Amino acid sequence: MGSPLPTPPISTSVVWYAKGKVESENQQAAIVTKIEAPGRVTLTILPPRGMPIHKQGVYYKDDPIMQGTSPLSVKQQCGVWAYPDGKSPAKAHYVYHERLLARRHQDLLDEQQRQAEAAQKRKELESGGQSPSSPPPTA
């Protein structure tokens, strides 16, 4: 069902890397202010000097989308986020992704069920000598 991406809850402290360059001299403190999708968040970056910076669409550093190298890529524009050195994602940080995948899976099952029911109704109508578009018999 896909590799789960960690998605920290709102108010979690993370590290932000400008232009996606994951290097210790390039890191800045950040706080998650919104969850956009699994592994993608909105951050408030707290530079050592200056005003806070707000970034939307910041992907987790190991997200497969971040493998692109185009200078106009999301990585270049938004940077990437990671957990502070020595910290790994809490198991609870995978819950958002797992719930989304479970919901998508259930939606697929529901659609398959609807299609099966519709096919069964068509089959019943056709075997009764009526097509779905023919008018009902009149007395």
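Heads up: the structure comes first, above all this text.
Treat the numbers as computed from the prediction; the structure is a model and nothing was measured. (Residues numbered from 1 in each chain as written. Predicted model: local features only at pLDDT ≥ 70, side-chain atom pairs only at ≥ 80, totals over all residues. Heavy atoms only, no water.)

**What about the packing of aromatic side chains?**
Summed over the entire model, instances satisfying the criterion amount to three aromatic pairs. Judged by centre distance (6.2 Å) and plane angle (65 degrees), the rings of Tyr-60 and Tyr-83 are edge-to-face. Taken as a pair, Tyr-60 in strand E4 (residues 53-60) and Tyr-83 in the loop between strand E5 (80-82) and helix H2 (95-127) lie far apart in primary sequence, 23 residues in all. Here Tyr-60 falls in the buried class, since its relative accessible area comes to 10%. For Tyr-83, a relative accessible area of 9% corresponds to the buried category. Taken together, a centroid distance of 5.2 Å and an interplanar angle of 75 degrees make the contact between Trp-81 and Tyr-83 edge-to-face. This pair shows no difference in class: Trp-81 is buried, exactly as Tyr-83 is. (Phe/Tyr/Trp six-rings, centres within 6.5 Å; stacked < 30°, edge-to-face > 60°. Helix = DSSP H or I, 4+ residues; strand = E, 2+ residues; numbered from the N terminus. Buried < 20%, exposed > 50% of the residue type's maximum accessible area, 1.4 Å probe, protein only.)

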